[in-house]
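Chain residues, written in single-letter form:
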Amino acid sequence: DVCYITTKAEQGREETMFMTTRKEAYYSNLRLSQIEEKIKAHPHFMRTSKYYLVNLTKIRGLKVSSARDLWFEGLDGPVVNAVSSAFLADFEKRFK
């Protein structure tokens, strides 16, 4: 049920958040790179930017402009700038 995994720094600490289709957020102290290593056997997850790992099976829409925003199953609004230009070519190959 995980739509995406993101990292954020608040008040001097870094947390990684798992967002689900039920709009539930779960947090971990693991770095995004550590989580990426643990889930690399799951082909439906991919890194799309420095800050995001996304579940390709949960994406319901994509808007490409100066930013690449993703809409996910169960979530109301888009995740803005979820795909950076460094990851765009690989994302486009896998998302088709």
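Everything below is about the structure printed above this text.
In short, a report on the structure. Please read all numbers here as calculations on a predicted model, not as lab measurements. (Residues numbered from 1 in each chain as written. Predicted model: local features only at pLDDT ≥ 70, side-chain atom pairs only at ≥ 80, totals over all residues. Heavy atoms only, no water.)

### Considering the overall build of the protein chain
Here is step 1: Secondary structure assignment for the protein chain yields two helices and seven strands.
Here is step 2: In the protein chain, the order of α-helices and β-strands from amino to carboxyl end is β-β-β-α-β-β-β-β-α.
Here is step 3: The C-alpha atoms of the protein chain give 13 Å as radius of gyration, which agrees with the globular expectation for 96 residues (12 Å, within 12%).
Here is step 4: Each principal axis of the C-alpha atoms in the protein chain carries an extent, and together these give about 35 × 25 × 25 Å.
Here is step 5: Burial status across the protein chain gives 43% buried among its 96 residues. (Helix = DSSP H or I, 4+ residues; strand = E, 2+ residues; numbered from the N terminus. Rg over C-alpha atoms; globule rule 2.2 N^0.38 Å. Buried < 20%, exposed > 50% of the residue type's maximum accessible area, 1.4 Å probe, protein only.)

### Focus on the pattern of salt bridges
Here is step 1: On inspection of all chains with the given rule, the structure shows seven salt bridges.
Here is step 2: Across the pair aspartate 1 and arginine 22 runs a salt bridge whose closest N-O atoms are separated by 2.3 Å. With aspartate 1 in the segment before β1 (2-10) and arginine 22 in the loop between β2 (13-20) and β3 (25-28), this pair connects stretches of sequence that are 21 residues apart.
Here is step 3: Given the relative accessible area of 48%, arginine 22 is considered partly exposed.
Here is step 4: One salt bridge connects glutamate 73 with lysine 58, and the closest N-O pair in it is separated by 3.9 Å. A residue pair is termed long-range when its members are at least 10 positions apart, and glutamate 73 in the loop between β7 (68-72) and α2 (85-95) and lysine 58 in the loop between β5 (52-55) and β6 (59-64) qualify at 15 residues.
Here is step 5: Residue classification places glutamate 73 among the partly exposed residues on the basis of a relative accessible area of 27%.
Here is step 6: Overall, the relative accessible area of 14% leaves lysine 58 in the buried class.
Here is step 7: Through salt bridges with shared partners, a single ionic network connects Asp1, Arg22 and Glu24. (Salt bridge = Lys/Arg side-chain N within 4 Å of Asp/Glu carboxyl O.)

### A short note on the nonpolar core
Here is step 1: Core analysis: the biggest nonpolar cluster contains 17 residues, and Tyr4, Val54, Ile59, Leu70, Phe72 and Phe91 have the highest contact counts within it.
Here is step 2: Every element with two or more residues in this core is listed here: β1, β2, β5, β7 and α2.
Here is step 3: The next biggest cluster of nonpolar side chains, apart from the first, holds eight residues, and it includes Ile5, Leu32, Ile35 and Ile39. (Core = buried A, V, L, I, M, F, W, Y, C linked by side-chain atoms within 4.5 Å.)

### Here we look at the packing of aromatic side chains
Here is step 1: Counting across every chain of the model gives three aromatic pairs.
Here is step 2: Arranged with centres 5.7 Å apart and planes meeting at 65 degrees, the rings of tyrosine 4 and tyrosine 52 form a pair that is edge-to-face. Within this pair, whereas tyrosine 4 is found in strand β1, its partner tyrosine 52 is found in strand β5, the two being separated by 48 residues in sequence. Of the two residues, tyrosine 4 and tyrosine 52, neither departs from the other in class, the shared state being buried.
Here is step 3: For the ring pair tyrosine 4 and phenylalanine 72, a centre distance of 5.4 Å and an interplane angle of 40 degrees mean the geometry is tilted. Of the two residues, tyrosine 4 sits in strand β1 while phenylalanine 72 sits in strand β7, which places them 68 residues apart along the sequence.
Here is step 4: Judged by relative accessible area, which is 10%, tyrosine 4 ranks as buried.
Here is step 5: Aromatic rings pair up to connect Tyr4, Tyr52 and Phe72 into one cluster. (Phe/Tyr/Trp six-rings, centres within 6.5 Å; stacked < 30°, edge-to-face > 60°.)

Honestly, it's all geometry; don't read function into it.
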